[in-house]
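Each chain, written out:
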Amino acid sequence: MAFNSKNPFLSNKRFSSNAVSRAEEVHEAKIIDYNQEMTLSGTINKTAILFLILCGAAMVTWWMAFNGINIMLPAIGGAIVGFVLVLISAFKPQLSPYLAPGYALFEGLFIGGISAIFEAMYPGIVINAVGATLVTFLVCLGLYKFKIVKVTEQFKSVVIAATLAIATYYLISWIASLIFNFTPVHYGNGMMSIGISVFVIIVAALNLFLDFDLIEKGVQEKMPKFMEWYGAMGLMITLVWLYIEFLRLLSKLASNK
């Protein structure tokens, strides 16, 4: 079974400069309280809130799936609504305090559904994907914290270009598969398909560095408080994308056994 990879923001990194400039405009217009500034602890707390909401929603569709209830509507509907909320937040970051929890809720429904499907096909795959995602996050966080990996403008350009290239490839492949009798290269479990999955996972992991940089710069520049939700939302989006890609890769490897 093939599922399209998705980082619904595609990405918050692409819109981060717009978000910061709009946040500065709001700040300069004195629409917000100057004492209410973005903090690292606040962003961490909001990331934890979004994670709990996402997990709670995922448990709903997971339970539905393993109790014989059709999950296609909540899963697909969650993915679509989550995507729409991300687009709105990208252009209206000041609405992130309201949109980010909604994204976590609806994306959780999708994650629970797709996880249940993969788990039914390949028992044990979900815990392995969760573990791989967590390890990748911690490794990237350590590399960023200790300045082993530095986010320069060139680094950002390369990662954003690679992310957009992946998005374009998936979109074109999906459209071609609908119109023609065409099977995209990344479908199946061949070596080429596995190689593509590994490449996408690397790019998704590199996106974590952009998220860390966005949050750090926002704190340093004393961005408005709502940017905590924006930063947390961007980080959650990348983690969801990374988790789905690990599910895809592990399923390909499992099907080759």
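Residues numbered from 1 in each chain as written. Predicted model: local features only at pLDDT ≥ 70, side-chain atom pairs only at ≥ 80, totals over all residues. Heavy atoms only, no water.

S.K.: Help me understand the overall build of the protein chain, please; the structure alone is not making it clear to me.
M.R.: Along the protein chain, the regular secondary structure elements total 8 helices and 0 strands. Element order for the protein chain, N to C, with α for helix and β for strand: α-α-α-α-α-α-α-α. Relative to its full complement of 257 residues, the protein chain shows a buried share of 48%. Restricting to contacts in the protein chain with at least 6 residues of sequence separation, those with at least 24 account for 86%. Accessible surface, the protein chain as shown: approximately 12,600 Å² in total, 71% of it carbon and sulfur. (Helix = DSSP H or I, 4+ residues; strand = E, 2+ residues; numbered from the N terminus. Buried < 20%, exposed > 50% of the residue type's maximum accessible area, 1.4 Å probe, protein only. Contact = heavy atoms within 4.5 Å. Areas by Shrake-Rupley, 256 points an atom, 1.4 Å probe, with all protein chains shown as cover.)

S.K.: What am I meant to see in a nonpolar patch on the surface here?
M.R.: On the surface, M72, I76, I80, F83, V84, L87, I88, L95 and Y98 cluster together to form a nonpolar patch covering roughly 820 Å² of accessible area. When residues in the nonpolar patch are grouped by element, the largest group, 7 residues, is from helix α3 (residues 72–91). Position of I76 among the secondary structure elements: in helix α3. (Patch = residues over 30% accessible without salt bridge, like charges linked within 9 Å, V, L, I, M, F, W, Y side chains within 5 Å. Salt bridge = Lys/Arg side-chain N within 4 Å of Asp/Glu carboxyl O.)

S.K.: Any chance you could explain unusual backbone geometry here in plain terms?
M.R.: If a residue is not glycine, its phi is most likely negative; likewise, a peptide bond is most likely trans. Residue K147 is not a glycine yet carries a positive backbone phi of 60°. Locating K147 in the fold gives a position in the loop between α5 (125–145) and α6 (153–179). Phi is positive for K222, which is not a glycine, with a value near 55°. Mapped onto the fold, K222 is located in the loop between α7 (191–220) and α8 (227–255). With relative accessibility at 48%, the residue K222 sits in the partly exposed group.

S.K.: Whenever I open this one, the confidence of the model for the protein chain confuses me. Can you help?
M.R.: Here the protein chain shows a mean pLDDT of 88. Residues at 70 or above account for 86%. In the model, residues 1–17 has pLDDT below 50 throughout and makes 57 contacts with residues more than four positions away in sequence or in other chains. Counting contacts from residues 26–34, a segment whose pLDDT is below 50, to residues more than four positions away or on other chains yields 9 contacts. (pLDDT = per-residue confidence, 0-100.)

S.K.: Explain the side chain of H186 to me, please; I cannot follow it from the model alone.
M.R.: Relative to the helices and strands, H186 resides in the loop between α6 and α7. A distance of 3.0 Å separates polar atoms of two side chains, one belonging to H186 and the other to Y169. (Polar contact = N/O pair within 3.5 Å; in protein donor to acceptor, adjacent residues only side chain to side chain.)

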